[in-house]
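Each chain, letter by letter, is given below.
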Amino acid sequence: MNKNNLIKLIIILIFLPQLLLGGESGDELPGEEIELLEKIEQQKDVTVETEITLEDESIEDLLEPGIETKTNLPENRLTNIFGQAFLEKINIKDIKIIGECIPLNSQGKCFAVMPKRVSKHFDNYYFYTNANNKVNAIIVFDKKKFTNVSKCKIKLNEWINYFENFDLQKKSSEINNMSIIYNDKPQQKFLEIFGSCYQEQFRDIESNFILKFYKSI
């Protein structure tokens, strides 16, 4: 095998796993479309640039032992959702405020928003802020009635699979998977998550499929 072919083989071995396993665990939201072709094209560009750089290096340098490779693993805690970090001000760069809603208490506010990253599972997104204007709760829900409740259960199961990417404890779950409760206690500033396929009325919310995220202060 000549030098050029060996270099190409090394490049393929380096980038093939990234193409097959691209993205961090939990990076894709259930019901969200991901531009996979665009990601692959970007990876091809990186591959070409890397190949040009490696032409000037010797095989001995490439195979030199002791070179450490750093792997970026996903964080365990669920710290943000729909492009919004908990206990931070509303990310107006990626989130558009379209109205107001009933707050959780007299000290906070509620905003109806349209995030840049959305899920087809929901048609309403409410962000709640505390006295410091920082988001401490997110409620997303779907008003559309399901002709078949099994369709809602399928969506809820997709979120159950998504939450498995994070350090969350399932506190309760019905056998028929109509509702779920998670939290990440006993960590500080814990997060609680509630999901349900039941018809629900909560303040100014009427929902047939809902997810609630509450972050302690």
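Quick note: structure is the one above.
Residues numbered from 1 in each chain as written. Predicted model: local features only at pLDDT ≥ 70, side-chain atom pairs only at ≥ 80, totals over all residues. Heavy atoms only, no water.

Enquirer: Describe the overall build of the chain, listing the residues and the values that go with them.
Expert: Assigned secondary structure in the chain consists of four helices and twelve strands. Out of the 217 residues belonging to the chain, those deemed buried represent 35%. Accessible surface, the chain as shown: approximately 13,800 Å² in total, 51% of it carbon and sulfur. (Helix = DSSP H or I, 4+ residues; strand = E, 2+ residues; numbered from the N terminus. Buried < 20%, exposed > 50% of the residue type's maximum accessible area, 1.4 Å probe, protein only. Areas by Shrake-Rupley, 256 points an atom, 1.4 Å probe, with all protein chains shown as cover.)

Enquirer: Could you give an account of the nonpolar core, naming the residues involved and the relevant values?
Expert: Within the largest apolar cluster, 32 residues are counted, with the highest numbers of intra-cluster contacts made by Ile 81, Phe 82, Ile 138, Trp 159, Phe 163 and Phe 213. Of all the secondary-structure elements, those providing two or more residues to this core are β4 (109-115), β5 (124-129), β6 (135-142), α4 (149-163), β8 (179-183), β9 (191-196) and β12 (209-215). Excluding anything up to four places from it in sequence, Phe 82 contacts Leu 29, Ile 95, Pro 115, Arg 117, Ser 119, Phe 122, Tyr 125, Ile 138, Val 140, Trp 159 and Phe 213. Formed by eleven residues, the second largest nonpolar core is a distinct cluster that contains Cys 101, Cys 110, Phe 141 and Ile 205. (Core = buried A, V, L, I, M, F, W, Y, C linked by side-chain atoms within 4.5 Å. Contact = heavy atoms within 4.5 Å.)

Enquirer: Any chance you could break down the side chain of Thr 129 for me, citing the residues and the numbers?
Expert: Note on placement: Thr 129 falls in strand β5. The exposure class of Thr 129 is buried, given its relative accessible area of 5%. What Thr 129 contacts, discounting residues up to four positions off in sequence, is Ile 90, Gly 108, Lys 109, Phe 111, Lys 134, Val 135 and Asn 136.

Enquirer: Requested: an account of unusual backbone geometry, with residues and values cited.
Expert: Of note in this structure, Leu 87 is not a glycine but carries a positive phi near 60°. Take Leu 87: it is sitting in the loop between β2 (84-85) and β3 (95-100).

Enquirer: Lay out the pattern of salt bridges with the relevant residues and their values.
Expert: Oppositely charged side chains may form a pair once their charged atoms are brought near each other. Applying the stated criterion to the full structure yields five salt bridges. Between Lys 144 and Asp 123 there is a salt bridge whose closest N-O contact spans 3.9 Å. Of the two residues, Lys 144 sits in the loop between β6 and α4 while Asp 123 sits in the loop between β4 and β5, which places them 21 residues apart along the sequence. Here Lys 144 and Asp 142 are joined by a salt bridge, their closest N and O atoms 3.1 Å apart. For Lys 144, a relative accessible area of 48% translates into the label partly exposed. In this structure, a network of salt bridges that share partners links the residues Asp 123, Asp 142 and Lys 144. (Salt bridge = Lys/Arg side-chain N within 4 Å of Asp/Glu carboxyl O.)

Enquirer: An account of the state of the cysteines is requested, with residue identities and associated values reported.
Expert: Two cysteines joined by a covalent bond between their sulfur atoms form a disulfide. Tallied over the entire structure, the rule returns two disulfides. Disulfide partner of Cys 101: Cys 110, at an S-S distance of 1.8 Å. The chirality of the disulfide connecting Cys 101 with Cys 110 is left-handed, given an S-S dihedral of about -80°. The same class applies to Cys 101 as to Cys 110, namely buried. Between the sulfur of Cys 152 and that of Cys 197 lies a disulfide, 2.1 Å long from S to S. One quick way to see it: the torsion about the S-S bond of Cys 152 and Cys 197 is about -100°, and its sign makes the bridge left-handed. In this pair, Cys 152 sits in helix α4 while Cys 197 sits in the loop between β9 and β10 (200-202), placing the two residues 45 residues apart along the sequence. Cys 197 carries the same exposure label as Cys 152, and that label is buried. (Disulfide = S-S within 2.5 Å.)

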